[in-house]
Every structure is written in structure tokens, then in C-alpha cells.
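Coordinate analysis (summary)
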Amino acid sequence: MAQSTVLRLRGWWLSVHKWIGILLAVLIIPLCVTGAALVWDDVIDRWVNPGRYAVTGAAGLPPSAYAAAAQAALPPGARLISLRYAGDDGPILATATGPNAGNTGGRPARTNVWIDPGSARVLDVASSNSGWARVMHRLHGSFMIPGLGRRIVGWVGVAMTISCLTGLWLWWPIGGSLRRGFRWKRRDSFAANLHHQMGFWILVPLAMLSVTGVWISFPQVFSRFEATAPQRASGPPSRARSLRAQPLAAPRLALDEVVRTAAPPGRGALASIAWPTDQEPAWRLGFITGSGPAREVRVDDASGAVTPPAPPPPETIARKMRRWHDGTGMGFAWQAIIFLGGAIPAALSVTGLIMWWRSRRWRARIAARRRAGAGPATQAAE
């Protein structure tokens, strides 16, 4: 390829890369910062709300004791829908629905109750739609814009993918050895050198986060690739409908009886309990054995019949994309990469804006010198 063609392409890619960064900086920066924060949301929540984690010991009381403590802290008409055990060093989290949660048009509000597993003392009560973590999730997932926001996030992900490709083109040295690309002083500006180096080293994680974010934002578009996903005769479950499910007002089986029935010796440690609902009248209990995921046991509330845990279904592509994107179950090293993949692009946006502003000032000074130099010549010609 001729040198002039390379330079023209480089100039065109520079314009694309520059204007993506400038026009979308107001969206990219909060998207990246919130994504980095949500990687370790549990850790940050411990710092922000230490009272929720002031536990006195491991869970040793019957589940009914935790359910009774949570129910006493809830407003009238609220019904428990689940209990989740956090292990030896965390609280038990009880979640309840309000009396009219199933009739609301939007996302139903739920109430969370944090309980000390050692004493069944209530540590905190808060709405599931409140708190910094929920705000971060809403900002990262939809910019807090109902309906349209998720698609906007998806298109920002497309733009960031293009930015990664154009950034690699611009980082690649025009001439000489490839090692020139790794030199610090490629430009005469600290911001420009920092931008080039950070951009290269974060390129692959940022591209991965952008592509997986697009996949998550447009599930209908990519669902055709889920050829291995298990299909149900009645079609895929509706997440919105599941969120509006209401626990049964008077379950037939008592909670402790359900746990004893579902937990014979060797089943594993109890991890979660979900109450029967108007959509699915069966108790669902999760048990953990070893380092694998929780295995679900179902107990029919009407008959008491136990459905033992089935082999885990194959992981769908959509679930894999989400795990790659948020780091769930991926280990500390992967989570650290995702954190940097969120924090560094925010810095890239800032350094890119600095480079653009300095370029404008430099061009303005050049134009001013040209006008000053042309003045006397123009007067002499007249």
C-alpha cells in the first residue's frame, strides 16, 4: 500500500477515533467508572454499609428464626420471597415483596433485610431499588433512561469497539520497528504518551468488555446464536413476569419441614431458600457442595414431593458473555482485568479530550501567525 494511501487512511481513522471520544465522552466516562465499581460491589458495600456485615457468628439457628426476624422488620402486607446465606463471614439476606408488587407496571420494589446469622438480629432494612449499588447498576445498564437507555448503552458499546480498532491502527508505528510503538516519548505531551501506552495495554480487555456489553444490551439480536440453549415447550420464561411473582399467602408446608425434607445427609450446605409463588407453587432450595455452583432442589408445596437436583444445563452463550463482562465466578485476576478495563478507558477519555483541546489551541496559534504574516504583504500589494 502506498505511503500516501496509508496516511490518508490514518487521517480518516484518526477523525473517527477522535470524534467518538469527544462526542461520547459524557457517556463513556460514567459507563466505565460504574462498570469498574460494580466488579467488586460486595467489597464496596462493606465499606459503605459496615453495619450490614457486623455478624457475630455462623448460621446455627433454624431457617424459621431468620424468617421470623425478617418478617417482624417488614411493613404490613409484605411477604418473604427468599433467604440467602452468605457463608461464615456474611449476613443472611432476606428479600420480601410488597402487597401490590405484582400489579405494578415497572420493576417491582422489594425490601431487603440483613440478618445476623449468629443471633437472628436484624442488621439493616432497605429497599432493593435504593443504595449506591442499585444506582450504579441502573446507570451502567441504562443510563437511568427507562426503555431506551439499554439500547443507548449497546450503541455506545459498538462505538467503543470501533474506537478499539481505530486506536490500534493509530498506535501502530507508520515506519520502523514495531518496538517504536512501545516507546514512552512518541509525542511531546505527557497526556498523549499516556494515552498511547494505556490504550495499547488495555485494548484487548476493553474490546472484550465492549463486545460483551453489546451482546447483553441486544439479547434479541444475538439470541439466534443460542443453538445449544435448552428450549422449553412453553417458550423462554419472562424475566419481567418472574419479578412480579407473589409468594403464596399461606404455604401448606412449614419452612423448617421443607428444609429437613430437602436436605438429607450429603446434600451440602444450604445456600438459599425461595418461597412458592403464584407462578410456581414449589419451594426451591440451593445447596453447595465443594467449589461448584449451587444445586437446586424443589419441594412441591401441595404434595411435599422432592425433585432432586438435575445435572446443570450447559452454559448458554448469553450467560458466558455476562460472566465475562461482570467477572462473576471468574476469579480475582479476571476481575482485576475487568476493573482496569473500566477505570483506564475513563482516563483515556480525559487524556483524549486534553489532546484535542491542545490541538485546537496549537491550530489557533498557527492560524494567528499566518494571519499576522500575511498582513504586511497584503498591505504592500494594495
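This write-up is about the structure you can find in this document. (Residues numbered from 1 in each chain as written. Predicted model: local features only at pLDDT ≥ 70, side-chain atom pairs only at ≥ 80, totals over all residues. Heavy atoms only, no water.)

1. Some thoughts on the packing of helix 2 (residues 25-39) against helix 6 (residues 149-171)
To characterise two packed helices, one gives the angle between the axes of the helices and the distance between these axes. The N-to-C vectors of helix 2 and helix 6 enclose an angle of 100°; their axes lie 11 Å apart at closest approach. The angle between the axes of helix 2 and helix 6 places the two elements in the roughly perpendicular class. Of helix 6, the residues touching helix 2 (which contributes Leu27, Ile28, Leu31 and Cys32) are Ile152, Val153, Val156 and Met160. (Axes fitted to C-alpha atoms, helices over the stretch in contact; angles between N-to-C directions. Helix = DSSP H or I, 4+ residues; strand = E, 2+ residues; numbered from the N terminus. Parallel < 35°, antiparallel > 145°, perpendicular 65-115°, else oblique. Contact = heavy atoms within 4.5 Å.)

2. Considering the sheet that holds strand 6 (residues 282-288)
Strand order in the open sheet formed by eight strands is 4-3-2-1-5-6-7-8, and the pairing between neighbours is antiparallel. Each of the sheet's edge strands pairs with one partner strand only, and the pair in question is strand 4 (122-127) and strand 8 (306-307). Relative to strand 2 (residues 92-97), strand 1 (residues 79-84) is paired through five bridges, and the arrangement is antiparallel. Looking at the pairing, Ser82 lines up with Thr95 of strand 2. Packed onto the sheet, helix 4 (residues 63-73) meets strand 1, strand 2, strand 3 (110-115), strand 4 and strand 5 (269-274) and runs at close to 130° relative to strand 1. This element, helix 11 (residues 255-262), spans strand 1, strand 5, strand 6, strand 7 (295-300) and strand 8 of the sheet and lies at about 55° to strand 6. (Pairing = 2+ DSSP bridges.)

3. A look at the layout of surface pockets
Of the voids in this model, the second largest pocket is the one considered here, and its volume is about 1400 Å³. Taken together, 49 residues form the lining of the second largest pocket, with Leu14, His17, His195, His196 and Met355 sitting closest to its centre. Of the residues forming the lining of the second largest pocket, the biggest block, 14 residues, is contributed by helix 13 (residues 331-381). Per-class residue counts for the lining of the second largest pocket are 24 nonpolar, 14 polar and eleven charged. (1 Å grid on protein atoms, 1.4 Å probe; cavity = no way out; pocket = protein on both sides within 12 Å on 5 of 7 lines; lining within 4 Å. Points joined across faces, edges and corners; volume = space filled by probe spheres on them. Nonpolar A, V, L, I, M, F, W, Y, C, P; charged D, E, K, R; others polar.)

4. Points about the pattern of salt bridges
Summed over the entire model, instances satisfying the criterion amount to eight salt bridges. Of the charged contacts in the structure, one is a salt bridge between Asp124 and Arg52, with a shortest N-O distance of 2.7 Å. Of the two residues, Asp124 is situated in strand 4 and Arg52 in the loop between helix 3 (41-48) and helix 4; the sequence distance between them amounts to 72 residues. Its relative accessible area of 24% is what places Asp124 among the partly exposed residues. A salt bridge links Arg298 to Glu296, with the shortest nitrogen-to-oxygen separation between them at 3.0 Å. When its relative accessible area of 29% is taken as the criterion, Arg298 is described as partly exposed. If you follow the salt bridges from partner to partner, you end up with Glu280, Arg284, Glu296 and Arg298 in one network. (Salt bridge = Lys/Arg side-chain N within 4 Å of Asp/Glu carboxyl O. Buried < 20%, exposed > 50% of the residue type's maximum accessible area, 1.4 Å probe, protein only.)

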